[in-house]
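Coordinates in review
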Amino acid sequence: MDYKKAGVDIEAGYKSVELMKKHVKQTMRPEVLGGLGGFAGAFDLSGIKNMEEPVLLSGTDGCGTKVKLAFVMDKHDTIGIDAVAMCVNDIACSGGEPLFFLDYIACGKNYPEKIATIVSGVAQGCIQSECALVGGETAEHPGLMPQDEYDLAGFAVGVVDKKDIIDGSKIKEGDVLVGIASSGVHSNGFSLVRSVFDMSEESLNTYYDELQTTLGNALIEPTRIYVKALKNVKKEGITIKGCSHITGGGFYENVPRMLPENAKAIIKKGSYPVPPIFDLIQKNGDIEEKMMYNTFNMGLGMVIALDSKDVETAMKAIEQAGDKCYVVGEIVKGDKGVELC
């Protein structure tokens, strides 16, 4: 008896690391010390000395049951973008710059080529958010997970000068809400999606005219990363007063998180285009509209609060980063919460 016969292939682990090195190399920043394969990822923080009061920010998340979609479609090159996005968007939401990322892949069996493909997506997410992939872990769990399945999660660290933290405290009546478009369902609500549609190869390969693609392609579209968009706004000298990353819990859970007491967000549903994938989900699942807005991003991945005088300049900065954005509402006095009308 040896480890391989027990279900863990050490040689496959070595091969996975070799195959992923080229992807990891693309994410390197000057602050990264050493290479892939050490016991810890090292990142030089001397560059943050220019900040008055540097504050480290952290975020950890996974892709939820969206990974099930990757299994059925046998498409593993974008799910890593989702893992990165869920972490770095939260850091950006607080005004921070993501510095580095680590991933964790648990699998039933280590297929080196598949693991390397997953990591290629993680690397792409890091490139999009300008952070370094400094390490990770691939854990083989024979007997605990089916051989052809895996789970993916990640952890990111960022930094912000304390004076630049976005905490919502400066939000006031009359401030304008700008929504930044999502790329689709992102990585939340897939348990509901999977109960609406049959997650079979045949179902996911079905072409829908309203989607202009197959159901599978529409659903697996990776989460949009908003780091560059928010950086661009900051470069213009504009203060983002509040920022909400629309993830699990949709608008009703996430928008209030950026609000101070006695401030209410009014969002106009007709102020921006809702991607057709959400209409298809609602229609096929016979889902109430409020539940849709309480589960999904409904086409807006981020909502930010701005002083009215800064809106035009901020929107141009966001668009220069390649994102679409819309004026979607305003702040009024009232009980802390959100109203969609």
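These notes cover the structure that comes with them.

Each value, and the rule that gives it
Residues numbered from 1 in each chain as written. Predicted model: local features only at pLDDT ≥ 70, side-chain atom pairs only at ≥ 80, totals over all residues. Heavy atoms only, no water. Helix = DSSP H or I, 4+ residues; strand = E, 2+ residues; numbered from the N terminus. Rg over C-alpha atoms; globule rule 2.2 N^0.38 Å. Buried < 20%, exposed > 50% of the residue type's maximum accessible area, 1.4 Å probe, protein only. Contact = heavy atoms within 4.5 Å. Areas by Shrake-Rupley, 256 points an atom, 1.4 Å probe, with all protein chains shown as cover. Salt bridge = Lys/Arg side-chain N within 4 Å of Asp/Glu carboxyl O. Phe/Tyr/Trp six-rings, centres within 6.5 Å; stacked < 30°, edge-to-face > 60°. Lys NZ or Arg CZ within 6 Å of the ring centre and 35° of its normal. 1 Å grid on protein atoms, 1.4 Å probe; cavity = no way out; pocket = protein on both sides within 12 Å on 5 of 7 lines; lining within 4 Å. Points joined across faces, edges and corners; volume = space filled by probe spheres on them. Nonpolar A, V, L, I, M, F, W, Y, C, P; charged D, E, K, R; others polar.

1. Comments concerning the overall build of the chain
Helix and strand content of the chain: twelve helices and 14 strands. A globule of 341 residues ought to have a C-alpha radius of gyration of about 20 Å, and the chain, at 21 Å, matches this closely. Taken over the C-alpha atoms alone, the chain extends approximately 70 × 55 × 30 Å along its principal axes. Counting every position in the chain, which comprises 341 residues, the buried fraction comes to 52%. Look at the contacts in the chain between residues 6 or more apart in sequence, and 85% of them connect residues 24 or more apart. Accessible area for the chain stands at about 15,800 Å²; split by element, carbon and sulfur atoms hold 48% of it.

2. As for the side chain of D103
Here D103 shows up in strand 4 (residues 97–107). A residue is classified by how much of its surface remains accessible, and D103, at 9% relative accessible area, is buried. Dropping the residues within four chain positions of it, D103 is found in contact with V119, V122, L133, G135, G136, E137, L152, A153 and G154.

3. A few points about the pattern of salt bridges
Here the idea is simple: oppositely charged side chains can pair when their charged atoms come close. One pass over the full model with this rule turns up 20 salt bridges. A salt bridge links K264 to E339, with the shortest nitrogen-to-oxygen separation between them at 2.9 Å. With K264 in strand 11 (residues 263–267) and E339 in strand 14 (residues 337–340), the pair connects residues that are 75 residues apart, well separated along the chain. Exposure remark for E339: the relative accessible area of 33% places this residue in the partly exposed category. Its salt-bridge partner being E289, residue K269 comes within 2.6 Å of it at the nearest N-O pair. Taken together, the residues K269 in the loop between strand 11 and helix 10 (276–285) and E289 in helix 11 (residues 289–293) connect sequence positions 20 residues apart. With a relative accessible area of 39%, E289 lands in the partly exposed category. Put simply, R29, E31, E97, E130 and K231 are held in one network by salt bridges that share partners.

4. What about the packing of aromatic side chains?
According to the stated counting rule, one finds five aromatic pairs in the structure shown. On the basis of an interplanar angle of 40° and a centroid distance of 6.4 Å, the ring pair of Y272 and Y326 is categorised as tilted. A residue pair is termed long-range when its members are at least 10 positions apart, and Y272 in the loop between strand 11 and helix 10 and Y326 in strand 13 (residues 325–333) qualify at 54 residues. The class for Y272 is buried, based on a relative accessible area of 6%. Taking NZ or CZ as reference, K109 lies 5.8 Å from the ring centre of Y111, over its face. Stacked on the ring of Y252, the Lys or Arg K290 has its end atom at 5.3 Å from the ring centre.

5. Some thoughts on the layout of surface pockets
Size it by volume and the second largest pocket reaches roughly 500 Å³. Lining the second largest pocket we find 26 residues, and of these G95, V160, D164, I166 and K234 sit closest to its centre. Every element with two or more residues in the lining of the second largest pocket is listed here: strand 6 (150–161) and helix 8 (227–235). Counting residues per element, the lining of the second largest pocket draws most heavily on helix 8, at five residues. Class assignment of the residues belonging to the lining of the second largest pocket gives a composition of eleven nonpolar, six polar and nine charged.

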